[in-house]
Amino acid sequence: MPTVETVRGPIDTADLGATLMHEHVFVLSTEHLQNYGAGDWWDEDERVADAVDQLNELKALGIDTIVDPTVWGLGRYIPRVQRVAEQTDLNIVVATGLYTYDEVPHQYEHRGPGLLLDLPRDPMVDDFVGDIRDGIADTGVKAAFLKCVVEVKGLTPGVERTLRACAAAHRETGAPITVHTSSPAQAGRLAVQVFRDEGVDLTKVVIGHAGDSNDLDYLGELADAGCLLGMDRFGLDLYNPTSSRVDTIVALAQRGYADRMVLAHDASCYIDYFPGPDAQAAKAQIAPNWNYTHISRDVLPVLRERGVTDEQVRQMLVDAPRRYFE
Ligand SMILES: [Zn+2]
């Protein structure tokens, strides 16, 4: 039986169940937290307890697994996620990779083929492969997929290097890839271009944030290439309102693409882009539905009303995620 790594260890892919393919437990920069949050807006025990509550609520709504693409650049810190995972039955799958819209971190700037410290291969690849094969730091938790980004700036040298490093780690380990993309810039095309060039199996690629687009030609092109479309920002109406996201899913399902879509909110228990009670309250006002439960409570009933069948919902929530990790 094929297995997939979770924070609590490997599980049978058949046990992934209903899966939200892009949710963060915490988006929380270590440097931000250590220098400005401690003793001010951050209480570790309170926030862990709150995360457990939120994930248990999601589990009670019938979701079994979240796939968390929090990597370096978004504040990945596995011990905190382990504390949460120990206290909920929901499965949490974690990632390796790099979140940058432009340059690589200085820690990679001078090391690699042809750089100041001339190495036979990019140390990013070694770090990613190590996270997948041996586990992340000394936590014992293994990453199950790779994460990278193509934003509005397109394929800057740092972004392209990161994509090629993820592709190399994918070829070496078989781990699938999720790429955050800017839909207004139709950046999914650039990701596909690089991944094709690198010999990536495109059926193992989620084009993250594809659901910010309602351009059926663009989305169809990505799906026809084999990719999964991340319809994954429900509740972020400022990028695309729920009604439009729903229309697009209905249209794609009618065109036979239900097996090429996955669902999520890109939500988190806490995101330090909005630190402290005032900023958190403002966030809740700007995006009141940006939480883990919007799909289960509001979106799935509307999709069914609009003619999306139970079988098609199952393809998006259960079958496609399972296939991606097998
Ligand atoms: Zn995200």
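Here the structure is shown first, and the text comes after it.
Let me begin by describing the structure that accompanies this report. Just so it is clear, the model here is predicted, and its values are computed rather than measured.

1. Regarding the pairing of strand 11 (residues 205-208)
Thinking step 1. On strand 11, burial covers both faces: V205 and I207 on one face and V206 and G208 on the other are all buried.
Thinking step 2. Summarising the sheet, strand 10 (residues 177-181) and strand 11 pair through four bridges and their orientation is parallel. Each bridged residue has a counterpart across the sheet, and for I177 the counterpart in strand 11 is V205.
Thinking step 3. Between the parallel pair strand 10 and strand 11, the chain is carried across by helix 7 (residues 188-197), and the sense of this crossover is right-handed.
Thinking step 4. For the crossover from strand 11 across helix 8 (residues 216-224) to strand 12 (residues 228-231), the handedness is right-handed.

2. Side note on the packing of helix 2 (residues 44-60) against helix 3 (residues 78-85)
Thinking step 1. Contact pair helix 2 / helix 3: the axes reach a minimum separation of 9 Å and the direction vectors enclose 50°. Here helix 2 lies oblique to helix 3, going by the angle between them. For helix 2 against helix 3, the interelement crossing comes out right-handed. Contacts from E44, D45, V48, A51, V52 and L55 of helix 2 reach helix 3 at R80, R83 and V84.
Thinking step 2. In terms of residue class, the contact of helix 2 with helix 3 is built from five nonpolar, no polar and four charged.

Calculation criteria
Residues numbered from 1 in each chain as written. Predicted model: local features only at pLDDT ≥ 70, side-chain atom pairs only at ≥ 80, totals over all residues. Heavy atoms only, no water. Buried < 20%, exposed > 50% of the residue type's maximum accessible area, 1.4 Å probe, protein only. Helix = DSSP H or I, 4+ residues; strand = E, 2+ residues; numbered from the N terminus. Pairing = 2+ DSSP bridges. Right-handed = clockwise from strand over helix to strand, strands pointing away. Axes fitted to C-alpha atoms, helices over the stretch in contact; angles between N-to-C directions. Parallel < 35°, antiparallel > 145°, perpendicular 65-115°, else oblique. Left-handed = near helix turned anticlockwise from the far one by under 90°. Contact = heavy atoms within 4.5 Å. Nonpolar A, V, L, I, M, F, W, Y, C, P; charged D, E, K, R; others polar.

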